[in-house]
Amino acid sequence: MKMRMYVCLALCALLTCALPLSALAFNNYSLDVDALKALEQQDTFEVKIVKKTVTDRANSNNFSIPDILTLDVENGFDKDLAQVSVMVVCYDAENKAQPLQGNSNVLTVRQKRKLYSSTFEDVNAPGGASFQLNIACSHSMFTGARALVAQVVTADGETFTNPIYEQWQELALGSPTHILD
């Protein structure tokens, strides 16, 4: 029985050493970060993320997601905003997708591709104002992040969707869609 346990441990150790860590990474797909940046520069949507910063150990209430990603947003509308929906994709130094908030299960190679998305309600951002959105994160999991305002709802209840949202999402998911016909 002990011999069997030692053999299993040895095989696990060998497998861990043989696989590069990027093979065990969340989603494990490559991002074209330069294409995302270029698309974001063409964004004509009135509400934009103009700066992203991470503050390490700012979320002391949660050990597993201890950091804060702050998105500085400019409201170019002349309308007050009530809700803002954002999408975020994080990546490592090799431009491989990484989780924003960590992942308790290391072996996620088969997990479907997905982006972090969140709707911030009760934003109360006046027209023309700048404001910040804060997202708890695990900065140790990524070296960079791209983010986009996907949709906003005004205080009057009007909904506006970013015209590059679908194209940005396709790029952020590693361009998995292929037209065959």
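Residues numbered from 1 in each chain as written. Predicted model: local features only at pLDDT ≥ 70, side-chain atom pairs only at ≥ 80, totals over all residues. Heavy atoms only, no water.

**Notes on the packing of helix 2 (residues 33-41) against helix 3 (residues 165-172)**
The contact between helix 2 and helix 3 brings their axes to 9 Å, and the two run at 170°. Classified by the interaxial angle, the pair formed by helix 2 and helix 3 is roughly antiparallel. Seen from above, helix 2 lies across helix 3 with left-handed handedness. Where helix 2 abuts helix 3, its residues Ala35, Leu36, Leu39 and Glu40 lie against Gln167, Trp168, Leu171 and Ala172. Across the contact of helix 2 with helix 3, the residue classes break down as 6 nonpolar, 1 polar and 1 charged. (Axes fitted to C-alpha atoms, helices over the stretch in contact; angles between N-to-C directions. Helix = DSSP H or I, 4+ residues; strand = E, 2+ residues; numbered from the N terminus. Parallel < 35°, antiparallel > 145°, perpendicular 65-115°, else oblique. Left-handed = near helix turned anticlockwise from the far one by under 90°. Contact = heavy atoms within 4.5 Å. Nonpolar A, V, L, I, M, F, W, Y, C, P; charged D, E, K, R; others polar.)

**What to know about the pairing of strand 2 (residues 67-75)**
Judged by how many residues are buried, strand 2 sits mostly within the fold: 8 of 9 residues are covered. One ladder, built from 8 bridges, connects strand 2 with strand 6 (residues 130-137); its direction is antiparallel. Among the inter-strand pairings, threonine 70 is bridged to a residue of strand 6, identified as asparagine 134. (Buried < 20%, exposed > 50% of the residue type's maximum accessible area, 1.4 Å probe, protein only. Pairing = 2+ DSSP bridges.)

**Concerning helix 3**
Of the residues making up helix 3, those classed as buried are Trp168, Leu171 and Ala172. The arc that holds the buried residues of helix 3, viewed along the axis, is 100°, so those residues lie on one side. Packed against the buried residues of helix 3 are helix 2, strand 3 (81-91) and strand 7 (144-154). Just past helix 3, the residue glycine 174 takes up positive phi, approximately 85°. (Arc of directions from axis to C-beta.)

**Thoughts on the state of the cysteines**
Applying the stated criterion across every chain, the model contains 0 disulfides. Left without a disulfide partner, cysteine 90 is nearest to the cysteine sulfur of cysteine 137, which lies 7.2 Å away. We classify cysteine 90 as buried; its relative accessible area is 2%. (Disulfide = S-S within 2.5 Å.)

**Points about the nonpolar core**
Judged by nonpolar contacts, the single largest core of 25 residues is most densely connected at Leu71, Val84, Val86 and Val149. Examining the composition of this core, we find that 5 residues originate from one element, strand 3, more than from any other. Tyr29, Val33, Leu36 and Leu148 belong to the second-largest nonpolar core, a separate cluster that totals 17 residues. (Core = buried A, V, L, I, M, F, W, Y, C linked by side-chain atoms within 4.5 Å.)

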